[in-house]
Amino acid sequence: MQKASKHRDLLESPEPVKRLSATALLTSLILCICVLSSFRAFSMAGNDDGPLMPKAQNGPEIQVHGEGKGFGNAVHSGMYFRDVASQAGLTTVPHSRTDRRYVLDTMAGGGIALFDCDNDGKLDIAVVNDSTIERYLAGGDLMITLYHQDGNSPTPHFTDITESAGLTTKGWGMGIAVGDFDNDGLLDIYVTGYGHDVLYHNLGNCKFEDVTKKAGVAAGGFSTGAAWADYNRDGLLDLFVARYVHTDARHLPDPGKSKGYKGVLVELPDSLAGETDFLFRNRGDGTFEDVSERAGVNDPHKLHGMGVVWGDYDDDGWPDLFVTNDGGWNFLYHNKQDGTFEEIGIPSGTGLGPAGQNYGNMAADFADFDHDGRFDLFVTRFGNQPASLYWNRGNHQFTDIADKAKIAAPTVAPVKWGTGFGNFDNDGWPDILIANGNFSSLMDTLRDEVRFVEPIQLFRNLGNRTFEEIADSAGINAPPLYSRRGTAIGDINNDGQLDFVVFNVNAPPSLFINDTRNLNHRVLFRLIGTKSNRAAIGARVVVVTPAMRQMDEVRAGGSYNSTNDVRLHFGLGLDAVMSKVQVQWPSGAKQEFVDVPGDAIYEITEGQPMRRTAALSPP
Ligand SMILES: [Ca+2]
Ligand SMILES: [Ca+2]
Ligand SMILES: [Ca+2]
Ligand SMILES: [Ca+2]
């Protein structure tokens, strides 16, 4: 009964829809009259089964709506991590600096990708390289560093293979999205950056070719977050790219002539004009078509785009798109199933802060953190602004419950960048990782400002829609600390426990290996599409155990300009066997497996039996 009253309590939180509507209108007036018109359109659509309530044609029938169920029977011992980056060979130092003055250098760099570049079953690591204005003007730096995992010892080992891999295009990198655009079974790399982006085609054995020109996806300007998804469900991955502000590296303003920030001479993005965003439709012949405008996702308001994540938040089988904007409302693009999207950020409740604030949004991730069968959304932000946990109430409506969930207060102060849901202790409840750090070491001259180097935060999901911050006790903030940016989550040493890599400004990345010891079972699924896109981006898996029902989707791009392991990981608590595993493929095909033992890594090829590719040692 306690559960039911908690649920009711959330539903009855003080008139979230009405309050948001009023603030939405106010903000809209200030921002742009266009928002007002989209708000009206939504209000009208809400009265009938209009464009916001599409009927699924080949959509999923997997529905697991119900109450969040508390802890179930999982074991909760402390989590523990070790940063093993230097022992593991992650030692390449980027060309960068910390005393950043211009928007261009305060915002550049940040992306991390975890992906298997040669299909040997072990995750490799791509780090987006930073640069400096001087180096960029002299031709720039290699856009990424690729570390190949080549060790078999208990501690993983990597070697920098960037040059031999052919990843030699220079520029100034920002973000990374990994997906198999040509369905050849090899993951390809898209790197965003200032000036131009790069598409690297994977030729096999971690060798790559720059195919940007032929593909037509250079974008230009100042690209930030990017992510792959098959938005029109033709079996080919398409690519969304957000862009930030217009700035010219050759004609930067004199920061001495701006008022700076509290006396520190830094350029701030608020006064800069923004740039539009791109959606590139995959034609299937190695080229892409810019469909941004036709699809309604080109951002004519030119808000300052940052993070990008795809997720089917309304369970209609069509991938929707969330884009965070810095100093503007977030875009929630609902996929209308006809090649177009409807932007419902503000009316859905995901556009603004809990009281309608227009925040400096950074990164976002989807997960059904409370097991009610709907994907919720987490958003990180600039300093002095709380993170938001947008709880999905269904019917395209979200409520920010970060305060009740005990996430708002601890996240107010730091400048928050990378984030991701991951079940780090295998209890089945997705936890939340946040990487922090102020934008320039020049901020350290101000007494009351958050530091350039800030602790990482890890919020353990308590299973009752509240969280507890445990990063320090989990060893994550053992020195040395860095100014953090992007995060990528995945099981790097294939032991069934989620590890993560964090981008550090002006230093090699950190590699946090998860050494948590408990009795919880777990499972990983690698999905391979046949009719669907081969990397199975957008495939949904529902895992049912006696204690709980969980779900997740395969994504290719998220966090702050980063990409997590495409394998789906589930903690199973004390249940060693999954009574049901359901797969909903982007093609519309469905598969169901029963009585599947945990403690294994499985491969599921669309339309074929599940195959165990590795056993995990008993917990
Ligand atoms: Ca490929
Ligand atoms: Ca959808
Ligand atoms: Ca949920
Ligand atoms: Ca691991």
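Residues numbered from 1 in each chain as written. Chains lettered and ligands numbered in written order. Predicted model: local features only at pLDDT ≥ 70, side-chain atom pairs only at ≥ 80, totals over all residues.

1. Focus on the overall build of the protein
(1) Moving on: A count of helices and strands for the protein gives nine helices and 37 strands.
(2) Moving on: Looking at the 619 residues of the protein, the share that counts as buried comes to 56%.
(3) Moving on: Within the protein, contacts between residues separated by at least 24 positions form 63% of all contacts whose residues are at least 6 apart in sequence. (Helix = DSSP H or I, 4+ residues; strand = E, 2+ residues; numbered from the N terminus. Buried ≥ 20, exposed ≤ 12 C-beta atoms within 10 Å, placed from the backbone. Contact = placed C-beta atoms within 7 Å.)

2. Notes on the pairing of strand E35 (residues 590–597)
(1) Moving on: One ladder, built from seven bridges, connects strand E34 (residues 577–584) with E35; its direction is antiparallel. Bridge pairing links Val583 to Gln591 in E35.
(2) Moving on: Taken together, E34 and the strand that follows it, E35, pair antiparallel across an intervening segment of five residues, in which Gly588 is found at a positive phi of about 105°. (Pairing = 2+ DSSP bridges.)

3. Examining the environment of Ile456
(1) Moving on: With respect to the helices and strands, the residue Ile456 is situated in the loop between strand E24 (431–436) and strand E25 (457–461).
(2) Moving on: Between the C-alpha atoms of Ile456 and Asp472, which are 16 residues apart in sequence, the distance is 8.3 Å.
(3) Moving on: If near-sequence neighbours (up to four positions away) are discounted, Ile456 is found in contact with Ile434, Ala435, Asn436, Ala471, Ile476, Asn477, Arg484 and Val502.

4. Looking at the sheet that holds strand E10 (residues 207–210)
Paired through their backbone hydrogen bonds, the strands of a sheet run either parallel or antiparallel.
(1) Moving on: Strand order across the open sheet formed by five strands is E4-E7-E8-E9-E10, with antiparallel pairing between neighbours. Where the open sheet ends on each side, the last strands, each with one partner, are strand E4 (141–142) and E10.
(2) Moving on: Pairing analysis gives four bridges linking strand E9 (residues 198–204) to E10, with the strands arranged antiparallel. From the neighbouring strand, His201 faces E10, where its bridge partner is Glu209.

5. Here we look at unusual backbone geometry
(1) Moving on: Cis geometry marks the peptide bond from Pro479 to Pro480, where omega comes out at 5°.
(2) Moving on: Mapped onto the secondary structure, Pro480 falls in the loop between strand E26 (467–469) and strand E27 (484–490).
(3) Moving on: With phi around 50°, Asn205 is a residue other than glycine that occupies positive phi space.
(4) Moving on: Given 13 C-beta atoms within a 10 Å radius, Asn205 is considered partly exposed.
(5) Moving on: Positive phi, close to 55°, is recorded for Asp599, a residue that is not glycine.

6. Some thoughts on the sheet that holds strand E23 (residues 416–422)
(1) Moving on: The strand order across the open sheet built from four strands is E23-E24-E25-E26, with neighbouring strands paired in antiparallel fashion. Two strands bound the open sheet, and with one partner strand each, they are E23 and E26. If you compare each strand with its neighbour and ignore which way they point, the axes differ by 20° on average.
(2) Moving on: Sheet analysis places E23 next to E24, joined by five bridges and oriented antiparallel. Among the inter-strand pairings, Gly422 is bridged to a residue of E24, identified as Asp431. (Axes fitted to C-alpha atoms, helices over the stretch in contact; angles between N-to-C directions.)

7. Points about the confidence of the model for the protein
(1) Moving on: Of the residues in the protein, 88% reach a pLDDT of 70 or more, and the chain-wide mean stands at 89.
(2) Moving on: Note on residues 1–72: pLDDT is under 50 here. Beyond four places in sequence and across chains, it has 97 contacts. (pLDDT = per-residue confidence, 0-100.)

8. Considerations on the environment of Leu574
(1) Moving on: With respect to the element layout, Leu574 can be found in the loop between strand E33 (568–573) and E34.
(2) Moving on: Its 19 C-beta neighbours within 10 Å are what place Leu574 among the partly exposed residues.
(3) Moving on: It is 9.2 Å that separates the C-alpha atoms of Leu574 and Arg522, two residues lying 52 residues apart in sequence.

9. As for the pairing of strand E19 (residues 361–367)
(1) Moving on: Among the seven residues in E19, seven count as buried, and that is most of the element.
(2) Moving on: As judged from the five bridges shared by E19 and strand E20 (residues 376–381), these two strands associate in the antiparallel manner. Bridge pairing links Ala367 to Asp376 in E20.

10. Overview of the environment of Val594
(1) Moving on: Within the element layout of this structure, Val594 appears in strand E35.
(2) Moving on: The spatial distance from the C-alpha of Val594 to the C-alpha of Lys580 is 4.5 Å, given a sequence separation of 14 residues.
(3) Moving on: For Val594, the contacting residues outside a window of four places in its chain are Ser579 and Lys580.

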